[in-house]
Structure formats: structure tokens, C-alpha cells
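Report on the structure
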There are 2 protein chains.
Amino acid sequence: MGTTASKATKGVRSETLRRSNLAAIFAMLRTAPSVTRSELVEATGLTRSAVGSLIGELVEYGLATETGAQHDGHRGRPSAMAEIDGTGLAALSFEIGVDGVAAAVVNLRGEVLDDARASRTRGPVAAEPKVDDLVTLANLLGYANGMVGDRRIVGIGVAVAGTVTSDGQRVVMAPNLQWSDVPLADLVSARFGAGVAVTIGNDADVGALAEHRFGAGGGANNMIFVGGEIGVGGGIIVEGHRVHGRSGFAGEFGHMPVNPSGDVCGCGSIGCWETEVGERALLRRAGFDVDSGDAAVQRLLLAAQHGDAAVLDALAEHGGWMAIGLACLINVFDPEIVVMGGMFNDLWRYVEDVVTSDLARTSFGGQERPGVVVAGRLGNSARLIGAAELAFQPLLNDPVSA
Amino acid sequence: MGTTASKATKGVRSETLRRSNLAAIFAMLRTAPSVTRSELVEATGLTRSAVGSLIGELVEYGLATETGAQHDGHRGRPSAMAEIDGTGLAALSFEIGVDGVAAAVVNLRGEVLDDARASRTRGPVAAEPKVDDLVTLANLLGYANGMVGDRRIVGIGVAVAGTVTSDGQRVVMAPNLQWSDVPLADLVSARFGAGVAVTIGNDADVGALAEHRFGAGGGANNMIFVGGEIGVGGGIIVEGHRVHGRSGFAGEFGHMPVNPSGDVCGCGSIGCWETEVGERALLRRAGFDVDSGDAAVQRLLLAAQHGDAAVLDALAEHGGWMAIGLACLINVFDPEIVVMGGMFNDLWRYVEDVVTSDLARTSFGGQERPGVVVAGRLGNSARLIGAAELAFQPLLNDPVSA
DNA sequence: CCCCATTTGTTGTACCCTATTACAAATAAG
DNA sequence: CTTATTTGTAATAGGGTACAACAAATGGGG
């Protein structure tokens, strides 16, 4: 949910034209390690002089660098290589999960420069103590007065396990934290100073954002991200943009009804996908204590690694149910790629075969789309990198604004 | 699937800037009966002189008219009203369905000026005889040499019951017509002359397009359209744009798995939504001959109208299954509106109460979203109006191109 | 009836930004 | 050493909107 201009103008004029071109070139620099001006000419359709001027401005503002020209063996004047300047700016990102909180400093290349985590017991906790935790983690990372070391923090992004308003300011509801209508951005702003903008995002949405920009989904225009711990949710990328729906509730994949004879879900319905593939379903299926959280899941994975037959059977059955919901998503979206995050990322090695073979049988035209479901590549950092992207978004939209 | 430029440039320059502004104003004219220049200034952020010049150009090209200024009682110079010129241009649109073919002449306001239909018995038919039918219908409508009467036909759009390549040129597969990889646009072009561009679209996708631009979904940024006859499919509008997925397969709502203990579907899976809510499921549930097509559905509706208890019971059960799949779509997309088209439009009066009350219980946060599911407003014309939009799309993208 | 305020339309010039053209620089090929 | 090729830079041209001023057309108020 990038911030919206105070006046949603649709008309283009000279100054917005240049801003748009700066943003486009900046975005192109972020999808490649380095780029020549000629490649930018090719990609944008602008002339060499226009691209030169635009690159010059990004360099002047400390967003890009142009290295010395590199000889590549063909004749003609060598090209200078432009790339993102990963040194001067960073975002501070946080994650408020069910099992703990985390923080990271992330640069413009999506690289985690430093991070910190703290476990917390599950259960209802007010927002303020969680924000206290965030302050503590930020201090651990060396944050002070809008800076970390000699990097300027351009914004703060927070991933939370709940639904968020589309302006990224309030948590509408987070059932597993037992929050309802929490002005989280204001709470964080109050502690970090009004000079740094704070943006909140749903944890699955920002996981999708990260895997799309820097992870397994890179280069895809249409991507589905499935994440899950206690709850199962997801993010949707369509034509390169995230979909959040009219109230921020899009991506509630855990509540797809897949089994009319199934169990009662926490949402009150019967047979939601979450009741078959969530954390509690897995632990129950494997004969573990369903209330022991992530620690129990780690023990289950350890048992699987050691070849425990009951656990492997449970995982196979789990994979079968995963395939049912994934078939639904594939038939509805026809995505280029489906990225499995959260707990599913951890399970992937044990369920991939079952999921893949079941999908080949159950997805419409699925036989023609091998490899469409993959594990995420950013692991535990995905949500932190995604939250940083929320913080960077105003800069991405208008690279040379104040 | 609007046509793509031969060179996908992302850079903006003066000439593309003006084209973009012309397109934006043209689009605004199409969403309102008439608009003042001041309203366009407000909406676009451009100045009065820029808007005046842009409107002047649309008028010069015969795309808009500016009526005499209207007195509205407040002081100040009265405003001229600009509106779409619905007189000089039109699109020729066709629909190739399972039970027949149809054609229409549609103007820039989305108004059907004239239409013609022909029923056909079901079953496999080669594409060529279908195109013969289209030529016959076009002749009936008075089409000759790129004109109908004194209206110039700017393009031809064809809705077909199957999946279509994203460039709108080929039918990848249409199971109920038993087509596979048919170059339909070329076949139509060959009969109507190379001077008129032909664009093909999936029938549910174009139904969604029509209801979004001119029907029940007007004004929504995020809309789901559910259509169905033998097969059940749908269209997805996200941030105002249609979603077709990587291969044009998006919107296969009929193949969402909702019942692991259900029937074998035509696609080979078990318990797809289509097996519970498609035409055959309804006819079987009501004790009718499942192979008698649309005529049987009409007889069923007549029986319901007369209060046949068995039929009303069947419809209630049908509504329950409709609600299950709709709950899935609502949880996945969080759409502003879901529009029911095709057969579901016909059934709506008999199933609305069951669907609405079941959704209130089964959709995540559904209680807070009354009225999100509605019947379509364009009825049988939806697909024809939507196909016309495919034909108009190049003009919408660049209003003053040749 | 006249003057004033307000809103909209038109016109001429200023300004922003890229396009175009020409030239310079830096290479490899012959 | 010359030529060909590719890229960078600089000066000017050109497209299109912004800006400012003025004109036109209304209603309000005295």
C-alpha cells in the first residue's frame, strides 16, 4: 500500500513526467545488479541524453552510482554501469509475530544489513508492550535520531499478523494477538519521532512483496504467496502490484472452504483450508500437542529429518490438503508462480512431491505448468525485507522528493 | 487484453504525455453521462487551458461533443458539458456460445444499437461454420465494408466460451465447443476484411468487463464476475484492470475444489465447484434431463415461477453450494462487488436469500459486507457489450491515433 | 438599472523536459 | 595509423502544459 498523493491526479504534466521517468529508471536499477545507459535507453524508449540526465539526477541524490566504464571486448566507447547506491540510505523494519518480534536494517538493494529477534510467549498482549519491544530491538541495532551508524533511515515498516487498513496506518484485526482497530503507526511514530514515516502491512502481504521483488518470485507479473503459522494467509501480486481488496482482507487463503464435512474453523465456518493445513492441523495429525506453537513444529521437523514414520505420514497427508487449496489458487489466478512461505517453507522438502503430483492431477491444465509452486528464497527475512519495502515506497514513487 | 505497443516503452515523453491525457479524459467521459471542463480540471489536476485543448481535440476527432452551456443557478459563466459522441463510431461484437451465436452493433457509450441471435443445437462444431454464422448475422445487422449504416466500425470483438491467448488472437481451448488452438481472429479477419481489427475474449472475462464499465460493477476498482452455463467461469477486475493470468486461464472458478467427497468433474478432478453449481448439477438436482441445455433451464425457471416445491427445494440447495464457492472468492479477493452473470443471473431471484444468509455465516468478516453479491444488470447483452469493449480498446488507449 | 463578485473560456507567453543533431571520447578491426 | 563503432556531452529545437491576463456570462445587492 504505497502512500497516495494528497490529490489523486491522473493527468500528466512535465514535472510529473520527469518524476515518472526517474521512478521507472530507479525501479529498473533495483531489478538488476547493474545496468548500462544503453540498456535503459532500450528499456524506456527515451534518448541517450534524457537517460543521461535522469541517471545524473539519481546519482546526485545519492540513490545510484555509476562505476567506471567496463571494457567488454567489442568496439565502441565502453559503457558506464549504473547501480543502486546501497550505502547511504536504509529502512528500519519490524515484524510483530505470534511467537515474537524482530527488527532489521535493510538497504535499497533489499539486503539485510543487521537484524535482531526476541521470542515471546503466545497469547494476548496489548500493542504498547509490543512497541516497547520494537524500541528495544531498534536500540540494539544502533538506531538513534533517524540514523543507524552513518545510514539515514528513510522510513519504518512494520509487518503484523493481522489485517491492515489500505493506508498502512491501522491494524483492523489481529485475532492471534487479540487486537482490534489498533492505530499502530501512530504508536510507533510516537516512539521513533515524527520525522520518520511509519507504514504497517499484513505479514503475508509483505512476505509476498519481498519474494516478488528480491526472492523466488522475481520477474513474475502474477504471483501468489502462501504463508502460514497458526493462521494461513497470503499475498497476491497481479501485474506487478499487490492486491489488498476493498478493506485489506484480500488473501485470506486460510478461509477458502475445501471440506464441507470438515472441522469448525476459528472464523466460525466449517472446513476452511486452515483447519486442514494450519499449524494446529499438522501437529494434531502428527500426534503432537497442538498448543505448543513453533517450538513443536521445529520438533516435528526434527523428527521428520530423523525418519519418524508417523510424522512422515502426517506430512504426506498434510501435503495432500495443501495441494487442494493450491489447486484452487492456481485455477482462480493462473499465476506464473506460487511461492510458499512461513511454515510451508519449512515443510516444503517433505511435502513437495505429494503436492506436485496431486496438483498435476487436480489443477486445470496443471500438467502443462510444472514447477509453478516453489519454496520461498528469503526464509525468515522475507517479512522484514517486505516491511522495509513499505518504508521505501514513497522514495520509489518519487525518487528525488525531499 | 488491450493491444500492446510494438515496443513496450515505460518512459514518458511529450507525445506520450498528451496521448495519456487524452486517454484519461476520454475514459472519464465514458464513466459519466456528461462532464464539465472544471470537473475534468479537478479530476486530472491539469489547467483549464490544457483541458480545453484536450477536449477540443477529442471533439475534432469525433469522439466527444460539447453541448451548449447550461445554466445551473449559481453565478459565474455557465459550463459547457462534454460527453461521448455516440453517433459516428461503433464496434461490431459477436458471441459464440454453446447454444447459439449472437451479434450486436455497440456504440462508444456501451449502448446496443441493434442485435441478432441464432440458436444452434449443442455439440462439436468446427470454427468455420461458426464464422459463417457470424457473417450471416453481420449481414442481418447491415454490415458492409467497415460500416453499418453511416457508422464506421472501428473493430470487431468476439466473445467465446473458452480460454483465449492474452493477445486476443487464438482460442487455446473451448471444451464445450471441442476446439483446441483455433486462430479465430484470423478466421474472422479473413471474412470481414483486413481493415478491421479483430479481438477475441473469453466470455466470462468480457462479461466482467461489460458489467464493470457499464453495469452493476460500475465504479468498483475490485470486482469479481461469476458466469456459468454448462461450465462455470468468471472474470477478475483488480484496480480497474482485468486479470487473465499467465496463460489466460485465470478465473476458472468452476474448478475450485469445494467437496473432496464430491463427483468427478469434466476436468478430471473430484468435487469442483462446477459439479455442484453448474447447469447439469441444477437440472439433476431438480429431477430434469441433464442434457437438455438452456431450454431445460428455462423450463425449470418457469416451474419455479409457478411454485413447484421440488424445484424450489433444488434451487435452495443449489444456492447453498453457490454460497460455498462465493465465500471462497470473497475471502480470497475481498472484492468491492461480486456480479452474478450467465445462468446465475437468471437464478438469482430464487437463490439470493439462501446465498446471502449462508455468506453472512461463512465469509470471513462477511457480516460487515451486506450486498456485496448482486445480479448483473446487463443481462444477455453483457457479453456482447464486453466484446465491443475489446474492439474499442485500441481507441481507448490512444484516442487520436489513425 | 448598474456595479460587483464569481466562474468559465480564450489567448499569448513562460517553462519543463525530452528529442534531435553534432561533436568528442574511447575502444577494436583492419 | 585509419576507419568503424559505440557511448557521452552539449547546444538547440520542439511538444505540451503552466501561468497570467483578459473576455464573457451569469447572479447578488443596492
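Details of the structure are given in the entry above.
One structure accompanies this document, and this report is about it. On a predicted model such as this, the values are computed, not experimentally measured, just so you know. (Residues numbered from 1 in each chain as written. Chains lettered and ligands numbered in written order. Predicted model: local features only at pLDDT ≥ 70, side-chain atom pairs only at ≥ 80, totals over all residues. Heavy atoms only, no water.)

This part takes up the interface of chain A and chain B. At the interface, 55 residues of chain A touch 54 residues of chain B. Each partner contributes to the roughly 4600 Å² buried at the junction of chain A and chain B, and carbon and sulfur atoms together form 62% of this total. Taken together, chain A and chain B are joined by zero salt bridges. Connecting chain A to chain B are 20 residue pairs in polar contact (both at pLDDT 80 or more). Those elements that provide at least two residues to the side of chain A that touches chain B are helix H1 (14-30), helix H2 (37-44), strand E15 (232-238), helix H10 (309-333) and helix H11 (342-362) of chain A. Broken down by element, the side of chain A that touches chain B gets its largest block of residues, seven residues, from H10(A). (Contact = heavy atoms within 4.5 Å. Buried area = accessible area lost by both parts, 1.4 Å probe. Salt bridge = Lys/Arg side-chain N within 4 Å of Asp/Glu carboxyl O. Polar contact = N/O pair within 3.5 Å; in protein donor to acceptor, adjacent residues only side chain to side chain. Helix = DSSP H or I, 4+ residues; strand = E, 2+ residues; numbered from the N terminus.)

All right, on to the nonpolar core then. Grouped together as the largest cluster of nonpolar side chains are 90 residues, with contacts concentrated most on A:Val226, A:Phe253, A:Leu326, B:Val226, B:Phe253, B:Trp273 and B:Leu326. Dropping the residues within four chain positions of it, B:Trp273 is found in contact with B:Val226, B:Val232, B:Phe253, B:Gly254, B:Met256, B:Val258, B:Gly278, B:Trp321, B:Met322, B:Gly325, B:Leu326 and B:Leu329. Residues B:Ala90, B:Val131, B:Tyr143 and B:Ile156 belong to the second largest nonpolar core, which totals 35 residues. (Core = buried A, V, L, I, M, F, W, Y, C linked by side-chain atoms within 4.5 Å. Buried < 20%, exposed > 50% of the residue type's maximum accessible area, 1.4 Å probe, protein only.)

Here we take up the protein's contact with DNA strand C. Every one of the 31 residues lining DNA strand C counts as a neighbour, but A:Arg18, A:Thr47, A:His71, B:Arg13 and B:Arg77 are closest to it. Separating a base oxygen of DNA strand C from a backbone N or O atom of A:Gly76 is a distance of 3.0 Å. Take B:Ala80: an N or O atom from its main chain is 3.3 Å from a phosphate oxygen of DNA strand C. Residue assignment for the surface near DNA strand C shows that the elements contributing at least two residues are H1 and helix H3 (48-60) of chain A together with helix H2 (37-44), helix H3 (48-60) and strand E3 (79-84) of chain B. (Near = heavy atom within 4 Å.)

Quick look at the pairing of strand E12 (residues 179-182) of chain A now. All names here are of chain A. As judged from the three bridges shared by strand E11 (residues 171-174) and E12, these two strands associate in the antiparallel manner. In the strand pairing of E12, Val 171 is matched with Val 182. Once E11 ends, the chain turns through four residues before running back antiparallel as E12, passing Gln 178 with a positive phi of about 55 degrees. (Pairing = 2+ DSSP bridges.)

Function cannot be inferred from these measures alone, as they are strictly geometric.
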